Amino acid sequence: MGIKDKALNLGKKFKLDSHHAIERFGVFFGIFVVTGAIVMVGSGVAAFKAGRDALSQTALYTQEFVTSKTDLGGDVDGIYTNESGDKALVMMHFDDSARISYNAADYQAFLLGSDTSLNSEPVSTGGIEGSFHVFGSTGYAGVLLDAEEPFDRQVLNLTVRANAELSFAEQDGTANPDELLGDRTFAKYDQWRVFFNPGASGAEVIPALDALAFDPARAFYDVVLETQEAELRTSLDRKLIEMRTSLAQVEAYTTDLEMTKVDGLFLRPPSVPASLAGDEITGVSAAEAQDGVSTLTLETDQVVPGGFGLDWRSGDVYDGYLDALVPSGQSFAEFLSAKREEAADGRTQGVSDMQWILSDGSSLTDDYQLSDVTMRPLTTVMNNLSRAYQDYSTGKAEYQSDLMLELLQMDISLRGVQSNSTVRDDPDFLTTLY
């Protein structure tokens, strides 16, 4: 019996031949129903698993916010926790131009739970206390939550209300989106909302939240300044590499002076400006180091006018740099003011003042026409060496003045946070829905 005959017999046995159309329809319909059920169950399981994965990993659901009445925009920097997971900091900052109150007493907050669709539900983590921190006049503010237990993996709905409105936005008569969701308080009060999940693995652990007492300056450094400082350190290292290259060019082109002659004449090595003489770049770059750690250092006896001779590798912004620079009895404001005056008034001998003397005592720039084709080899080597010195001089000024000042400005910013931060930590600050 062939395969075709076996198939026909099997169809007759289960009543799937052409004489049993109704029975055949029932069998196929049953197969489709069972298959569909399996697919739907599989999709449901996959969706549930995806939702659980998102809930376990996603810490921040709101990247930006706008206050409901004054229309002030801001960003949510992130959600930060401690090692044990029972503290959480929601860090936010307003646009630079936003007129906000720097007094933490002017704010209060409300905390609700939410499902993955951001519908309200009770908070599942017990014993949450809250405080509001304004980090000086930086535009940064944060809500610190302290729970009796590690935070559950639950989306939380935090509404922050500003009781002091320092700006006014014209209302266009359109409905506020939150009113459409049934929360009319956004039309009555100036407030904004953040959705976040402090129990998720995506929340970043920072040292400030593991300290016995909350230090706003430490938190501001951990969240804001540490990354900026790391980027600036990369720029400082990159500038040192550029300066080292310029010094290598200076050495090569100085050697060219003795080897380049016109009718027996050659250029003597020029007198180097005191601001550059003897400078060296020691150490190795990160790419050259076996451990990947750069040790490049500028060795110099001269600091450019308005610049800073700072050993930036041995410290960081949190520990502070200004104390090592500011003379005793002088404030850092006075010190920086004096540096600005020094930069404006300081005039030292530079590359443009270098004299290019030939072996016979004559001057290449004064006694010959630079367009003279005969002297072109000497003019070329002079230009090469002059350009290398100028590149190094420019790099040194950028390194000691511009980049070092950026580092000190971070120090000043942190000191402002230390001196001017405000906090509201009374029991009435946070209302939690359980």
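One can find the structure itself at the top, above this paragraph.
Report on the accompanying structure. (Residues numbered from 1 in each chain as written. Predicted model: local features only at pLDDT ≥ 70, side-chain atom pairs only at ≥ 80, totals over all residues. Heavy atoms only, no water.)

**A short note on the side chain of serine 285**
Step number 1: Topologically, serine 285 is positioned in the loop between β11 (280-282) and β12 (297-299).
Step number 2: Residue class for serine 285 comes out buried when judged on its relative accessible area of 5%.
Step number 3: When residues no more than four places from it in sequence are discounted, the contact partners of serine 285 are Ile241, Arg244, Val293, Ser294 and Leu296. (Helix = DSSP H or I, 4+ residues; strand = E, 2+ residues; numbered from the N terminus. Buried < 20%, exposed > 50% of the residue type's maximum accessible area, 1.4 Å probe, protein only. Contact = heavy atoms within 4.5 Å.)

**As for helix α5 (residues 216-259)**
Step number 1: Between its terminal C-alpha atoms α5 stretches 63 Å, which fits the 64 Å expected from 44 residues at 1.5 Å a residue.
Step number 2: Most pronounced at leucine 225, the bend in α5 amounts to some 50°.
Step number 3: The residue sitting at the N-terminus of α5 and contributing the capping side-chain oxygen is aspartate 215; that oxygen lies 3.1 Å from the backbone nitrogen of alanine 217. (Expected span 1.5 Å × (residues − 1). Bend = angle between axes of the 7 residues up to and from the residue. Polar contact = N/O pair within 3.5 Å; in protein donor to acceptor, adjacent residues only side chain to side chain.)

**Things to note about the pattern of salt bridges**
Step number 1: All told, the structure shown has 11 salt bridges when counted by the stated rule.
Step number 2: Among the salt bridges present, the one from lysine 396 reaches aspartate 279, with a minimum N-O distance of 2.8 Å. Residue lysine 396 is located in helix α8 (residues 376-420), and its partner aspartate 279 is located in the loop between α5 and β11; the two are separated by 117 residues in the primary sequence.
Step number 3: What makes lysine 396 buried here is its relative accessible area of 0%. (Salt bridge = Lys/Arg side-chain N within 4 Å of Asp/Glu carboxyl O.)

**Here's the deal with the packing of aromatic side chains**
Step number 1: Inspection of every chain in the model, using the stated rule, returns 10 aromatic pairs.
Step number 2: Ring centres 5.3 Å apart and planes at 85° place the aromatic pair phenylalanine 65 and phenylalanine 94 in the edge-to-face group. Of this pair, phenylalanine 65 sits in strand β1 (residues 64-66) while phenylalanine 94 sits in strand β3 (residues 87-94); the two residues are 29 residues apart in sequence, bridging distant segments of the chain. Judged on exposure class, the residue phenylalanine 65 and its partner phenylalanine 94 are both buried.
Step number 3: Note on tyrosine 140 and phenylalanine 220: the rings are 5.4 Å apart at their centroids and 85° apart in plane angle, and the pair reads as edge-to-face. Of the two residues, tyrosine 140 sits in strand β7 (residues 140-146) while phenylalanine 220 sits in helix α5, which places them 80 residues apart along the sequence. (Phe/Tyr/Trp six-rings, centres within 6.5 Å; stacked < 30°, edge-to-face > 60°.)

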